[in-house]
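Below, each chain spelled out in residue letters.
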Amino acid sequence: MNVLVTGGLGYIGSHTAVALLERNHDVVVVDNLYNADRDVKERIEKITGKSIKFYEGDCVDPEAMERIFAENDIDCVIHFAGYKAVGESVRIPTKYYRNNLDSALTVLETMKNHNCNVFVFSSSATVYRADQKSPLNETMELGASNPYGWTKVMIERFMEDLAVADEDFCGISLRYFNPIGAHESTLLGEKPVGIPNNLMPYICQVADGTLEYLHVFGDDYDTPDGTGVRDYIHVVDLALGHVAALEKLYEQKGMFKYNLGTGRGTSVLELVNAFQEATGVEIPYQIEGRRPGDLATVYADPAKAEQDLGWKATRTIKEACASSWAFQQGLKK
Ligand code: NAD
Ligand code: UD1
């Protein structure tokens with residue numbers, strides 16, 4: 001297949017591009033470099049020994065998208081392009097609704113003009129209404145607690161409507177739990193701008209001395225050690241989930257939804273311990289108050305993906321910690 005990967009120089013997109021190339025698919029990437037470095041293209045090519053076609057462009061720009069489809073025979077799209085900072089989405093909702101909704105709409109409209117019907121979407125565990133008990137499965141109620149999350153719910157809704165209106169459409173929504181880790185080559189990984197919001201990048205910056213200590217947001221949750229529990233999934237497993245979904249559902253029509261998670265919950269302190277064991281680096285931390293909006297426990301029921309797609313996460317938390325740290329060390333060289 002010739003796959004257009006939007007946002008393909010970003011964290012998850014770059015790993016997915018590698019996974020696609022390793023399965024002998026062709027890859028075209030469009031990215032506006034809002035949150036990615038240009039040299040990620042060469043890194044993808046170095047890992048795989050294959051070349052990709054890269055367009056620096058914006059998915060909200062119909063002319064740019066039109067050109068990409070006119071110049072390439074695209075079979076399907078994996079749509080990663082979007083903004084993802086929850087806190088910023090609360091402060092500047094317009095920015096999030098504009099970019100996330102507009103980019104999805106523009107890509108889908110352009111696809112239709114070119115009779116390209118298969119759209120894989122980066123959704124999130126955040127689409128599950130917060131009052132439901134983990135493990136979360138795909139039949140549970142949707143709802144969001146911030147503008148970022150609502151953009152995911154709305155795009156899924158739009159895909160549902162398209163699947164009704166257009167009998168050729170194949171929409172695949174992949175609901176990621178908490179991606180961590182990096183490619184074993186150390187050439188690809190997560191590189192947040194500014195002070196990280198998410199736990200693993202924060203731990204990595206404590207480990208390399210950029211930040212002094214980890215702030216643990218609450219130890220009074222109803223969890224085994226009182227700290228928040230999440231489903232951390234290695235980004236390479238996540239990338240392979242995209243390839244499995246595409247290869248399995250490419251010929252199908254309709255709307256499909258899958259959790260991509262491990263089914264295992266890990267607490268903040270367990271992740272800190274796993275990181276210390278995997279890397280030998282000590283992570284000083286202080287317990288602080290809860291972060292507003294956080295839930296005690298969120299993890300996936302990944303059974304549907306295993307059953308339908310033959311995919312499941314196999315990499316361990318320790319492997320993820322070791323690879324995140326190896327990538328982080330490379331940044332300082
Ligand atoms: P990322 O920021 O590393 O990647 C997104 C990429 O899209 C970046 O390279 C950015 O430059 C590009 N981009 C943004 N807007 C664009 C536009 N209008 N046109 C072209 N390119 C654009 O983020 P990521 O962690 O790789 O996440 C990818 C997708 O997965 C996002 O949609 C995100 O919401 C979703 N997601 C991420 C997580 C996570 O924890 N990382 C969890 C659930 C869902
Ligand atoms: C966050 C996003 C969610 C997104 C997910 C993807 C929020 C509110 N939610 O989820 O929409 O889909 O990332 O990965 O931002 N923690 C600390 N100290 C820190 C950072 C985090 O103790 O410095 C704790 C949190 O309280 C939580 C856990 O670590 O218990 C994981 O936090 P984080 O990595 O931010 O992910 P989520 O909150 O699950």
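Residues numbered from 1 in each chain as written. Chains lettered and ligands numbered in written order. Predicted model: local features only at pLDDT ≥ 70, side-chain atom pairs only at ≥ 80, totals over all residues. Heavy atoms only, no water.

## Section: the environment of Val 153
Assignment of secondary structure puts Val 153 in helix α6 (residues 147-165). Between the C-alpha atoms of Val 153 and Tyr 232, which are 79 residues apart in sequence, the distance is 21 Å. Among all residues touching Val 153, those that are not within four sequence positions of it are Val 127, Gly 143 and Ala 144. (Helix = DSSP H or I, 4+ residues; strand = E, 2+ residues; numbered from the N terminus. Contact = heavy atoms within 4.5 Å.)

## Some details on the state of the cysteines
Using the criterion set out here, one finds zero disulfides in the structure. A disulfide-free cysteine, Cys 59 has its sulfur positioned 13 Å from the sulfur of Cys 116, the nearest such atom. We note that Cys 116 lacks a disulfide partner, and the nearest cysteine sulfur, in Cys 76, lies 6.5 Å from it. (Disulfide = S-S within 2.5 Å.)

## Focus: unusual backbone geometry
Omega for the bond connecting Ser 134 with Pro 135 falls within 30 degrees of zero, at 5 degrees, which places this linkage in the cis form. Its place among the elements puts Pro 135 in the loop between β5 (118-124) and α6. The backbone of Asn 24 sits at a positive phi, close to 70 degrees, despite the residue not being glycine. Mapped onto the elements of the fold, Asn 24 is located in the loop between α1 (11-22) and β2 (26-31). Since its relative accessible area comes to 60%, Asn 24 is described here as exposed. (Buried < 20%, exposed > 50% of the residue type's maximum accessible area, 1.4 Å probe, protein only.)

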